[in-house]
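Fold and geometry: a report
Chain by chain, the residues run as shown.
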Amino acid sequence: MTEGEYSEVLHDNKLTNTDLKPENILFVNSDFTMTYNVEKKREERTVKSTSVRLVDFGSATFDHEHHSTIVSTRHYHAPEVLLELGWSQPCDVWSIGCILFEYYLGFTLFQVHPYLPAHCGCLDEPQCCTYVDGMDG
């Protein structure tokens, strides 16, 4: 299954993971091949199978259960979480988008300062978050 397929299964069952992050997405089989990239002048690993499994459902919440105001890892907070507007399955979709950005470019979309409160309302207070150069409009 892909990340999107897992998300669809969860959401069809009215369940929000709330803690999607790279550490919770594991390859089913980590076998890989090594090839030399002449252009980059280095060895590169390519996984043989891209099938993944989601792990750590400890924070998963059904629609009918209490919804905490603080969910997910700060780097992957959806706007509705930051603004405390209430959340549901779309916050998982936002997290997946942020993770795919990170996988593709190799760095997080939103850099969060470790000394700030976990829930600083970055959309209302832009000084709380440092955005990736060129990504802040």
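Refer to the structure above for everything that follows.
Residues numbered from 1 in each chain as written. Predicted model: local features only at pLDDT ≥ 70, side-chain atom pairs only at ≥ 80, totals over all residues. Heavy atoms only, no water.

Bringing the pairing of strand E4 (residues 42–47) into the picture now. One ladder, built from six bridges, connects strand E3 (residues 32–37) with E4; its direction is antiparallel. Bridged to Phe32 within E4 is Val47. Hairpin connection between E3 and E4: a loop of four residues separates the two successive antiparallel strands, and Lys41 in this loop has a positive phi of roughly 55°. (Pairing = 2+ DSSP bridges. Helix = DSSP H or I, 4+ residues; strand = E, 2+ residues; numbered from the N terminus.)

Another point: the nonpolar core. Side chains that are nonpolar tend, in soluble globular proteins, to be buried together. Grouped together as the largest cluster of nonpolar side chains are twelve residues: Leu10, Leu15, Leu20, Ile25, Val52, Leu54, Tyr76, Ile96, Cys98, Ile99, Phe101 and Leu109. At the level of elements, strand E5 (52–54) and helix H3 (90–105) are the ones that each hand at least two residues to this core. The biggest single contributor to this core is H3, with four residues. When sequence neighbours within four positions are dropped, the list of residues in contact with Leu20 reads Leu54, Tyr76, Asp92, Ser95, Ile96 and Ile99. Counting residues in each nonpolar core, the second largest holds five residues, with Val71, Ala78, Trp87 and Cys91 among its members. (Core = buried A, V, L, I, M, F, W, Y, C linked by side-chain atoms within 4.5 Å. Buried < 20%, exposed > 50% of the residue type's maximum accessible area, 1.4 Å probe, protein only. Contact = heavy atoms within 4.5 Å.)

In this fold, His11 is placed in helix H1 (residues 3–12). On the basis of relative accessibility, which here comes to 16%, the residue His11 falls in the buried class. Along the chain, His11 and Gln89 lie 78 residues apart, while their C-alpha atoms are 6.1 Å from each other. With sequence-adjacent residues up to four places away left out, His11 is seen in contact with Gln89, Asp92 and Val93. Of note is the side chain of His11, whose polar atom sits 3.2 Å from the side chain of Asp92. (Polar contact = N/O pair within 3.5 Å; in protein donor to acceptor, adjacent residues only side chain to side chain.)

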